Amino acid sequence: MHKLRQIKEMSKQPTNGKNQSVWLSYNLPPQEIKKYTRKEVRKHKGDNWVIFKNKVYDLTHYLQYHPGGQDTIIPYLGKDITRVIKSVHGWVNMEALLRKCHIGDITLNTNYLDHNNEKSGKTKSRPVTPSRLRFSEVKK
Ligand code: HEM
């Protein structure tokens, strides 16, 4: 079965009758926003973490409020859901719904940059370009 159709099939399960307005009125203590690598987020699959647009969210409290059911989200825990969200419901204001679940931001992959510099031997300097002629230097 096509993956997207499979996801839609799974969403037909009941969601405890809870809806998004109930979720939005639900209060959670504010979280301290930390920096994480993608690798670290993977390790927190069991803690229901996901990445969406370079932000890390803990979906523990949201899962039971998801209109598409919990089972649709479970295979994506620990992963980046940015692309799949675009294909299943690009119109949903994810940032507004997940504000309370925001626990971190993805750090820039510094290993990659270090590796690049190592390979080239040194950091690239800007090419030397001839400086512009000053007006006084232009022969008449
Ligand atoms: C993690 C954060 C997520 C949030 C805040 C969220 C939010 C929502 C909302 C608000 C709806 C109702 C949309 C509507 O009726 O127009 C919905 C439906 C749905 N969601 Fe999610 N979703 C999330 C993740 C996912 C993931 C990871 C998947 C699967 C890959 C998924 C699959 C679905 C499906 C299949 C529906 C039902 C669409 C339909 O039958 O009309 N969602 N979700």
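The numbers attached to residues start from 1 for each chain and follow its sequence in the written order. With pLDDT at 70 or above as the cut-off, local features in this predicted model cover only qualifying residues; side-chain atom pairs require 80 or more to be listed or tallied, and sums for whole chains, interfaces and linings still use all residues.

Visitor: Provide a residue-level description of the environment of Val-84, including the pertinent values.
Guide: Along the chain, the position of Val-84 falls in helix H5 (residues 82-89). Whether a residue is buried, exposed or partly exposed follows from its count of other C-beta atoms within 10 Å of its own C-beta, namely 20 or more, 12 or fewer, or something in between, respectively; the C-beta atoms are built from the backbone. For Val-84, a count of 18 C-beta atoms within 10 Å corresponds to the partly exposed category. Spatially, the C-alpha atom of Val-84 lies 13 Å from that of Ile-74, the residues being 10 residues apart in sequence. Secondary structure elements are defined from DSSP: runs of H or I of at least 4 residues count as helices, runs of E of at least 2 residues count as strands, and each element is numbered from the N terminus.

Visitor: I'd like to hear about the nonpolar core, residue by residue, with values.
Guide: Grouped together as the largest cluster of nonpolar side chains are 11 residues: Tyr-36, Val-41, Trp-49, Val-50, Ile-51, Val-56, Tyr-57, Leu-59, Tyr-62, Ile-73 and Cys-101. Among the elements of the structure, strand S2 (49-52) and strand S3 (55-58) are those that each provide at least two residues to this core. Examining the composition of this core, we find that three residues originate from one element, S2, more than from any other. Contacts of Ile-73, omitting those with residues within four sequence positions, involve Leu-59, Leu-63 and His-66. For this entry, the nonpolar core is defined as buried Ala, Val, Leu, Ile, Met, Phe, Trp, Tyr and Cys residues connected by C-beta atoms within 7 Å. Two residues qualify as a contact pair if the distance between their C-beta atoms, derived from the backbone, is within 7 Å.

Visitor: Residue-level account of the UniProt feature "domain: Cytochrome b5 heme-binding" (unreviewed entry) in the protein, with values.
Guide: UniProt positions are given in the numbering used here, feature names are shortened, and annotations may be inferred rather than shown by experiment. Within this structure's numbering, the places UniProt gives as "domain: Cytochrome b5 heme-binding" (unreviewed entry) are residues 33-107. Each end of residues 33-107 is marked by a C-alpha atom, and these two atoms are 12 Å apart; helix forms 31% of the span and strand 21%.

Visitor: Hey, could you go over the sheet that holds strand S4 (residues 102-106) for me, with residue numbers and the actual values?
Guide: The pairing criterion for strands is at least two bridges between them, as found by DSSP. Judged by pairing direction, the sheet is mixed, and its four strands sit side by side in the order S1-S4-S3-S2 without closing on themselves. The two strands at the open ends of the sheet, each matched to only one other strand, are strand S1 (34-36) and S2. Pairs of neighbouring strands in the sheet enclose a mean axial angle of 35°, with direction left out of account. In this structure, S3 lies alongside S4, joined through three bridges in antiparallel fashion. Bridging across to S4, Val-56 finds its partner in Gly-104. All axes here are fitted lines through C-alpha atoms, helices being fitted over the stretch that makes contact, and every angle between N-to-C directions spans 0 to 180 degrees.

Visitor: Any chance you could break down the pairing of S4 for me, citing the residues and the numbers?
Guide: The sheet contact formed by S1 and S4 spans three bridges and is parallel. When the sheet's bridge partners are listed, Tyr-36 is paired in S4 with Ile-106.

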